[in-house]
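These are the residues of each chain, in order.
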Amino acid sequence: RVIEQKSDSAFAYFVLGVIQADNGPPWCKAEINLKRSITLNPELAIAHATLGKVLLQLGCYDKALEATQKSIALDPAISIAYETLSKIHMRNGRF
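Residues numbered from 1 in each chain as written. Predicted model: local features only at pLDDT ≥ 70, side-chain atom pairs only at ≥ 80, totals over all residues. Heavy atoms only, no water.

Just checking my understanding: could you explain unusual backbone geometry for this structure?
Both trends apply: most residues other than glycine have a negative phi, and most peptide bonds are in trans. With an omega dihedral of -5°, the bond running from Pro 25 to Pro 26 counts as a cis peptide bond. Position of Pro 26 relative to the elements: it lies in the loop between helix 2 (10–22) and helix 3 (28–40). (Helix = DSSP H or I, 4+ residues; strand = E, 2+ residues; numbered from the N terminus.)

What is the right way to look at the packing of helix 3 against helix 4 (residues 45–57) in this model?
Two measures define how a pair of helices packs: the angle their axes make with one another and the distance between the axes. Helix 4 packs onto helix 3 with a crossing angle of 155° between their chain directions and a minimal axis gap of 9 Å. For the element pair helix 3 / helix 4, the angle class is roughly antiparallel. Viewed along their axes, helix 3 and helix 4 form a crossing whose handedness is left-handed. Residues Ala 30, Glu 31, Leu 34, Lys 35, Ser 37 and Ile 38 of helix 3 lie in contact with helix 4, whose contacting residues are Ala 47, His 48, Thr 50, Leu 51, Val 54 and Leu 55. When its residues are assigned to classes, the contact of helix 3 with helix 4 shows 7 nonpolar, 3 polar and 2 charged. (Axes fitted to C-alpha atoms, helices over the stretch in contact; angles between N-to-C directions. Parallel < 35°, antiparallel > 145°, perpendicular 65-115°, else oblique. Left-handed = near helix turned anticlockwise from the far one by under 90°. Contact = heavy atoms within 4.5 Å. Nonpolar A, V, L, I, M, F, W, Y, C, P; charged D, E, K, R; others polar.)

When you look at the nonpolar core in this model, what are you seeing that I'm missing?
When a protein is soluble and globular, its nonpolar side chains tend to lie buried together. Ranked by internal contacts, the top residues of the largest apolar core, which has 23 residues, are Leu 51, Val 54 and Ile 78. Listed by contribution, the elements that provide at least two residues to this core are helix 2, helix 3, helix 4, helix 5 (61–74) and helix 6 (79–91). Here this core takes 7 residues from helix 4, the largest share from any one element. When residues no more than four places from it in sequence are discounted, the contact partners of Val 54 are Ala 21, Trp 27, Ala 30, Glu 31 and Leu 34. (Core = buried A, V, L, I, M, F, W, Y, C linked by side-chain atoms within 4.5 Å. Buried < 20%, exposed > 50% of the residue type's maximum accessible area, 1.4 Å probe, protein only.)

Hey, could you run me through the side chain of Ser 37 in this one?
Its location among the elements puts Ser 37 in helix 3. Taking relative accessible area as the criterion, Ser 37 reaches 0% and is therefore assigned buried. The contacts of Ser 37, once residues within four sequence positions are left out, are Ala 10, Tyr 13, Phe 14, Leu 44 and Ala 47.

Spelled out as structure tokens, the structure:
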């Protein structure tokens, strides 16, 4: 409902993406809403971190790495980004 009333809310799209990501597959809806959130607010570091986690689940490792690194660059205190980063490096054999 919030998105229906205020379709330019980056945070609303972020929250929707988190809910969809937490519900598991299919993650493509979460990806869409997280990307929309980032389009509306490119500085929302947690959205980049969550997108990285979702992209990792989708098997898009290069894109996951890019989103995760962007998150860390914006806010180095977001722990989920480091967890995702470690999983990406494990997947790529860099540990």
